[in-house]
Amino acid sequence: MAGENNIAIELRDLTIGYHRGNYQLKILQNLNAVLHKGELVCLVGENGVGKSTLLRTISGVQQPLSGEVFIAHRSLRDISSMELAKTISLVLTDRIYAGNLSVKELVALGRYPYTNWLGNLRKEDQKKIDWALEITGTQYLEDQLISELSDGQFQKTLIARALAQDSDMIILDEPTAHLDLVNKIIILKLLKDLASNTGKSILMATHELELSLQIADFIWMTYKNDKMVTGTPEDLIINGSFNKMINHDAILFDELHGRFQIKSKTDKFCSLSGDKSVFFLTQNALNRKGWSISEKVSDVSINIRKNEMEFIWQVRKNDLEKEADSIKDMLDILNSL
Amino acid sequence: MSNRLSGIILLLLGMLVILAIMNISLGSVYIPFQKIFATLTGQSIENEGWQNIILQFRLPKAITAILVGSGLGISGLLMQTLFRNPLAGPFVLGISSGASLGVALAILAGMTFGFGLTQMGIGGSWILTISASLGAILVLLVVVLVSLKVQDSMSLLIIGLMFGSATSAIVTVLQFFSKAESIQAYLVWTFGSLGGVTWQELQVFIPIVSITLFGSFMLSKKLNALLLGDNYARSLGLNINNTRLLIIIATALLAGTITAFCGPIAFIGIAIPHITRLIFNTSNHKILFPMVVLCGAILMLICDIIAQIPGREYTLPINAVTSVFGAPLVIWLVVRRKNFSKTFAK
């Protein structure tokens, strides 16, 4: 998929920020990155690092301080706002100042760049709107007012609006904020499918690091006062970029499983063996209670045995041996040793 | 346009015609309905006094009421959408304060220099109109200049309110140094009046208001995009600064002209857009626009009927009637719809 003719967005030595009177407030500097057609890229970084400013700059809402943004090989400066509207659509966290707008009316606003001065919808516009509603699974909501929608439904509606705009690229700012886990996954899966099925390029700022590991083709990782790093999620794990971003005592990035862990103080050691199916959960519980799993022989050992449908945890210390039939029992036994 | 919508528009149009006829029929002098109908359809009736009352006084007043109601309603809608603020109205940018300043200068300063407007008759009313217009235009120019400088609408709203306060303060100072009779003349102007507009003035009033109304209707697609906020609107290709300027000019033309001819008429401009949104449950400007025009005209005709208290010689200040009659209506609508705030934002 990657190739020089396939570039949707390219940043060249881009420096972004704001003009404050006579001096420039630089937020991110010397950014170089490429997003290819049909790719889903997640832009990550801690709060306040400048993700939204970068998205605003790429979408032409804000001017870069220096460097350039290329959209489909053309400098952003040379693209008129009407042309840009047909190339990039946005999904933002901004409030919508009209609870009385119906879902269909909101989605229809995506046709703004294509309709006449009155905004009358032609057959083709109608088709695009129906398609956008269908692909986001929001047709059944079309006559509802947006003030009546749940957060998840509203987010899908905003994506439908961006789709109706019929642009090659969609830029989203934290589309999964405020959503519960299931809705988060539904939205991310929808975006992933859009990128691979419709060839749209998607750039999304997100705080969902773990989920972005699973869906992103590339990750753009921003740091405060440092260079932006780009790569596949796996490469960024391997070269330690993830650990560098989460530079905090309380958090540990588990590179083996690609997930974040709350660091707990472990001062006790035991060995763990037996049935693999609940091995991980047992380890999780032990870690939480300050036990560290050591490969070496230690005086406390735990063996997990599967007895038909049930699991038995055998806790052994020297000659003492007890059996537990739940994690709670096992922890109680360990406590009493 | 759906059938239901066309039905509602027809219904409102019917109401408008009936209310306009009622408005013309009722007044301090009783005139039989057949005579009114005859006069309105162009026949001459034997009682010349009645004919004069109908043609020279009541008909222009009814037309003025329609223009004022729809014009103020639309300028309120424009301001509420531009500022995304349910409390915004036609006068938030200081237009009426500017007009008041102009009028205050004309009446208060005029009397000091010895050419009392009260003695000038018809010419006096033109002077009032012109000074109100000049005041409104002055404030408009300042606001437009500021709006070119200030990027976001909220700052502009605050600045507009500040202009309003400052001009009102100047008027207060002028009043402090004026004689009682000139203060009273100024106060009478602030009560608002629909009855003072002559046919001659209507030749200016009708074209300005109707052309501006049509021009603002052409903005309805842009206004809908503005509902999404500046960022979305810009991403759709809308030129925000341009649109903002057009909205401000349209509002100033409507509110400024109306204030110049009829005085500062409160309440209608803020209330009509809310009433329309609540009744028709929509934020779509293409639908809101004709509804606001119709509802504004209807409400203003009703207020005027109440103001002239049929059968009495007195006429209540129109400004008082709009608020006393309109406020309970708005409160009732808001209370009935418990999620009112949601009609405004998501």
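Model, not experiment: these values are computed from the prediction.

1. Quick word on the overall build of chain B
Within chain B, the secondary structure is distributed over 14 helices and zero strands. Ordered by position from the N terminus, the helices and strands of chain B form the series α-α-α-α-α-α-α-α-α-α-α-α-α-α. Taking 346 residues into account, the globule formula puts the C-alpha radius of gyration at 20 Å, and chain B, at 21 Å, falls close to it. Viewed in the frame of its principal axes, chain B has a C-alpha envelope of about 65 × 55 × 35 Å. Put simply, of all contacts in chain B between residues at least 6 apart along the chain, 78% involve residues at least 24 apart.

2. Overview of the overall build of chain A
Looking only at helices and strands, chain A features eleven helices and 17 strands. For 337 residues, the compact-globule estimate of 2.2 N^0.38 gives 20 Å, and the C-alpha radius of gyration of chain A, at 25 Å, exceeds that figure by more than 25%. Here the C-alpha coordinates of chain A stretch approximately 85 × 50 × 40 Å along the principal axes. Residues classed as buried in chain A amount to 37% of the 337 residues present.

3. A closer look at the nonpolar core
In terms of nonpolar packing, the biggest core is built from 170 residues, with Val41 of chain A together with Leu301 of chain B touching the most fellow members. The element best represented in this core is helix 13 (residues 285-307) of chain B, accounting for 17 residues. Residue contacts for Val41 of chain A: discarding those within four places in its chain leaves Leu35, Ile202, Leu203, Ala216, Asp217, Phe218 and Trp220 of chain A. Core analysis: the second largest hydrophobic core is formed by six residues, Ile302, Phe311, Trp313 and Val315 of chain A among them.

4. Thoughts on the domain arrangement of chain A
A common measure of how large an interface is: the accessible area buried when the components associate. Segmenting chain A into domains produces domain 1 (4-248) and domain 2 (268-336). In this structure, domain 1 of chain A and domain 2 of chain A have C-alpha centres spaced 47 Å apart.

5. Looking at the sheet that holds strand 15 (residues 300-307) of chain A
All names here are of chain A. Strand order in the open sheet formed by five strands is 14-13-15-16-17, and the pairing between neighbours is mixed. Here the strands that pair on one side only, and so sit at the sheet edges, are strand 14 (291-293) and strand 17 (320-324). In this sheet, neighbouring strand axes are inclined to one another by 30° on average, regardless of whether the strands run parallel or antiparallel. In terms of strand pairing, strand 13 (residues 268-274) meets strand 14 through three bridges, oriented parallel. Paired with Lys268 across the strands is Trp291, a residue of strand 14.

6. With respect to the environment of Asp130 of chain A
All names here are of chain A. Positionally, Asp130 belongs in helix 4 (residues 123-135). We classify Asp130 as partly exposed; it has 15 C-beta atoms within 10 Å. Placed 195 residues apart in sequence, Asp130 and Asp325 show a C-alpha to C-alpha distance of 55 Å.

7. Brief notes about the packing of helix 3 (residues 48-83) of chain B against helix 11 (residues 240-262) of chain B
Residue and element names in this part refer to chain B. At a minimum axis separation of 9 Å, helix 3 and helix 11 run at an interaxial angle of 145°. Both helix 3 and helix 11 take part in a crossing whose hand is left-handed. Listed contacts from helix 11 to Thr64, Val68, Gly71, Leu72, Ile74, Ser75, Leu78, Met79 and Leu82 of helix 3 are Arg244, Ile247, Ala250, Thr251, Leu254, Ala255, Ile258 and Cys262. Residues belonging to the contact of helix 3 with helix 11 are distributed by class as follows: twelve nonpolar, four polar and one charged.

8. Here we look at the sheet that holds strand 7 (residues 169-173) of chain A
All names here are of chain A. Strand order in this open sheet of six strands is 6-7-8-3-9-10, and the pairing throughout is mixed. Because the sheet does not close on itself, it has two edges, and the strands there are strand 6 (88-91) and strand 10 (229-231). Taking the axes of each pair of neighbouring strands and ignoring which way they run, one obtains an average angle of 15° across the sheet. Across the sheet, helix 1 (residues 51-58) is in contact with strand 3 (40-44), strand 7 and strand 8 (201-205); its angle to strand 7 comes to roughly 155°. The sheet strands contacting helix 6 (residues 181-198) are strand 3 and strand 8, and the helix crosses strand 8 at an angle near 155°.

9. Brief notes about the pairing of strand 12 (residues 259-262) of chain A
Residues and elements named next belong to chain A. As paired elements, strand 11 (residues 251-254) and strand 12 share four bridges and run antiparallel to each other. For Ile251, the partnering residue across the bridge sits in strand 12 and is Ile262. Between the end of strand 11 and the start of strand 12, which pair antiparallel, lie four residues, with Gly258 showing a positive phi angle near 65°.

10. Digging into the interface of chain B and chain A
Taken together, the 27 residues of chain B in the interface contact 27 residues of chain A. Mapped by element, the contributors of at least two residues to the side of chain B that touches chain A are helix 9 (220-226) and helix 10 (230-235) of chain B. It is helix 10 of chain B that provides the largest number of residues to the side of chain B that touches chain A, a total of four residues.

11. Thoughts on the packing of helix 12 (residues 268-280) of chain B against helix 13 of chain B
All names here are of chain B. It is at 9 Å that the axes of helix 12 and helix 13 come closest, and there the two elements cross at 120°. Our classification of the angle between helix 12 and helix 13 gives oblique. Where helix 12 crosses over helix 13, the two elements pack in a sense that is right-handed. Residues Ile268, Ile272, Pro273, Ile275, Thr276, Arg277 and Phe280 of helix 12 form the contact with helix 13, whose participating residues are Ile287, Leu288, Met291, Val292, Cys295, Gly296, Leu299 and Met300. Its residues assigned to classes, the contact of helix 12 with helix 13 comprises twelve nonpolar, two polar and one charged.

12. Re unusual backbone geometry
Residues and elements named next belong to chain A. Here Glu174, not a glycine, exhibits a phi torsion of approximately 45°, which is positive. The residue His178 is not glycine, and still its phi comes out positive at about 70°. In this fold, His178 is placed in the loop between strand 7 and helix 6. Note on His178: 12 C-beta atoms within 10 Å, which makes it exposed.

13. Re the confidence of the model for chain B
Residue and element names in this part refer to chain B. Averaged over every residue, the pLDDT of chain B is 85; residues scoring 70 or more account for 92%. Helix 5 (residues 122-149) is the least confidently modelled element of chain B, averaging 78 in pLDDT, while helix 9 averages 94, the highest of any element. As scored by the predictor, the complex reaches a pTM of 0.85 and an ipTM of 0.82.

14. Here we look at the environment of Met22 of chain B
Here Met22 of chain B is to be found in helix 1 (residues 3-25). Between the C-alpha atoms of Met22 of chain B and Asn52 of chain B, which are 30 residues apart in sequence, the distance is 17 Å.

15. Quick word on helix 6 of chain A
All names here are of chain A. With 18 residues, helix 6 extends 25 Å between its outermost C-alpha atoms, agreeing within 8% with the 26 Å of an ideal straight helix rising 1.5 Å per residue. Residues Ile187, Leu188, Leu191, Leu194 and Ala195 constitute the buried set of helix 6. Each buried residue of helix 6 sits inside an arc of 115° when the element is viewed along its axis, so together they form one side. Among the exposed residues of helix 6, those pointing more than 90 degrees away from its buried face are Leu181, Val182 and Asn197. Contacts made by the buried residues of helix 6 are with strand 3, helix 5 (151-164), strand 8 and helix 7 (209-215).

16. Details of the pairing of strand 3 of chain A
Residues and elements named next belong to chain A. Burial analysis of strand 3 places five of its five residues in the buried class, the great majority of the element. Side chains Leu40, Cys42 and Val44 project from strand 3 onto one buried face, and the interleaved Val41 and Leu43 project onto a second face that is buried too. In this structure, strand 3 lies alongside strand 8, joined through four bridges in parallel fashion. Paired with Leu40 across the strands is Ile202, a residue of strand 8.

What counts and what doesn't
- Residues numbered from 1 in each chain as written.
- Chains lettered and ligands numbered in written order.
- Predicted model: local features only at pLDDT ≥ 70, side-chain atom pairs only at ≥ 80, totals over all residues.
- Helix = DSSP H or I, 4+ residues; strand = E, 2+ residues; numbered from the N terminus.
- Rg over C-alpha atoms; globule rule 2.2 N^0.38 Å.
- Contact = placed C-beta atoms within 7 Å.
- Buried ≥ 20, exposed ≤ 12 C-beta atoms within 10 Å, placed from the backbone.
- Core = buried A, V, L, I, M, F, W, Y, C linked by C-beta atoms within 7 Å.
- Domains from an automatic or database assignment.
- Pairing = 2+ DSSP bridges.
- Axes fitted to C-alpha atoms, helices over the stretch in contact; angles between N-to-C directions.
- Left-handed = near helix turned anticlockwise from the far one by under 90°.
- Nonpolar A, V, L, I, M, F, W, Y, C, P; charged D, E, K, R; others polar.
- Parallel < 35°, antiparallel > 145°, perpendicular 65-115°, else oblique.
- pLDDT = per-residue confidence, 0-100.
- Expected span 1.5 Å × (residues − 1).
- Arc of directions from axis to C-beta.

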